[in-house]
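# Geometric and topological summary
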Amino acid sequence: MMIKTDPQHISTLLADLAFELKSLNLWQTLQPSATELSSNAPFCCDTLAFGQWLQFIFIPKITMMIHQQQSLPTKISLTPMAEEAFTHLSTSAKPLIDVIQKIDKTLTEQSK
């Protein structure tokens, strides 16, 4: 049975994600270069930090999919990458990791 994810709930989680990135001073005002954004590596990790990938790739892509009423990805697991990427932030990253876990859970549940 497929659970339909409420687009407003996902949009709220994306806004929470942006808020947490900003609260940790990980939000950037300047967009990465076209070369940095054109990476073919997973999460663009060869050219972008994970926080940049979340801001400039993940949030806009999921937002676009919601607005275009496309199916959202399922079985997603951003949490392990986030835990690795933000390990240097120690406990201050907990609210950010919590939001990412909620996104993972919400998107995964829609496939059940």
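My aim in this report is to walk through the structure given alongside it, one point at a time. Since this is a predicted model, take the numbers as computed values, not measurements. (Residues numbered from 1 in each chain as written. Predicted model: local features only at pLDDT ≥ 70, side-chain atom pairs only at ≥ 80, totals over all residues. Heavy atoms only, no water.)

## What to know about unusual backbone geometry
- Here the phi dihedral of Asn25 falls at roughly 60°; this positive angle occurs in a residue that is not glycine.
- Within the fold, Asn25 resides in the loop between helix 1 (7-23) and helix 2 (34-37).
- Although it is not a glycine, Ser90 sits at a positive phi angle of roughly 55°. (Helix = DSSP H or I, 4+ residues; strand = E, 2+ residues; numbered from the N terminus.)

## Concerning the packing of helix 1 against helix 3 (residues 50-67)
- Across the interface, helix 1 lies against helix 3 with an axial gap of 11 Å and an inter-helix angle of 160°. Between helix 1 and helix 3, the angle falls in the class roughly antiparallel. Our pair here, helix 1 against helix 3, has a crossing hand that is left-handed. When helix 1 is examined against helix 3, the residues Pro7, Ile10, Ser11, Leu14, Leu17, Ala18 and Leu21 are found in contact with a partner set consisting of Gly51, Leu54, Gln55, Phe58, Ile59, Ile62, Thr63 and Ile66.
- Among the residues forming the contact of helix 1 with helix 3, the class breakdown is 11 nonpolar, four polar and no charged. (Axes fitted to C-alpha atoms, helices over the stretch in contact; angles between N-to-C directions. Parallel < 35°, antiparallel > 145°, perpendicular 65-115°, else oblique. Left-handed = near helix turned anticlockwise from the far one by under 90°. Contact = heavy atoms within 4.5 Å. Nonpolar A, V, L, I, M, F, W, Y, C, P; charged D, E, K, R; others polar.)

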